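# Report on the structure
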Amino acid sequence: PCTAIGYPHSLSYSSPNGGHGVTSLGFFETMQIGWIAGGPFYVSLPDEMLKRQELEERGHTVEGEPWQPLPGMVEILKEEMDLDFARAKLAQAGAA
């Protein structure tokens, strides 16, 4: 799914001393996916901008442009997603 939306699995960088490196943005689970039946669809991704910033603060040059959400994607906090899931679970329990 990461490849399908253009999200990188890793960041490649170069150092001022001429070295090169790669740092992973995830291992087996770079993207986590969830949805509420009849409602929104969620994806959770590592903070690429933070990792990029950390590398740049150490003097590295990160290759490529930062990833941008696709049209229609809305960035929310994890806590907002958790609240949405809790409300859906409560509604489902009330319907039972």
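Here the structure is shown first, and the text comes after it.
Residues numbered from 1 in each chain as written. Predicted model: local features only at pLDDT ≥ 70, side-chain atom pairs only at ≥ 80, totals over all residues. Heavy atoms only, no water.

## What to know about helix α2 (residues 48–57)
Here is the rule we go by: We call a residue buried when its accessible area falls under 20% of the maximum for its residue type, exposed when it is over 50%, and partly exposed in between, using a 1.4 Å probe and counting protein chains only. For helices the rule is a DSSP run of H or I covering at least 4 residues; for strands it is a run of E covering at least 2, with both sets numbered from the N terminus onward. The directions considered for the arc are those from the helix axis to the C-beta atoms. Only heavy atoms matter for contacts: two residues are in contact if any of them lie within 4.5 Å across the pair.
Along α2, the positions that sit buried rather than exposed are E48, R52 and L55. Angularly, the buried residues of α2 cover 65° about the axis, an arc narrow enough to put them on a single face. Where α2 is buried, its residues contact β1 (10–14), β2 (20–24) and β5 (61–62). Taken from the residues just after α2, G59 is the one with a positive phi, measuring 90°.

## Re the environment of M31
Along the chain, M31 falls in the loop between β2 and β3 (32–35). Placed 29 residues apart in sequence, M31 and C2 show a C-alpha to C-alpha distance of 6.7 Å. The residues touching M31, leaving out its near neighbours within four places in the chain, are P1, C2, I5, V43, S44 and L45.

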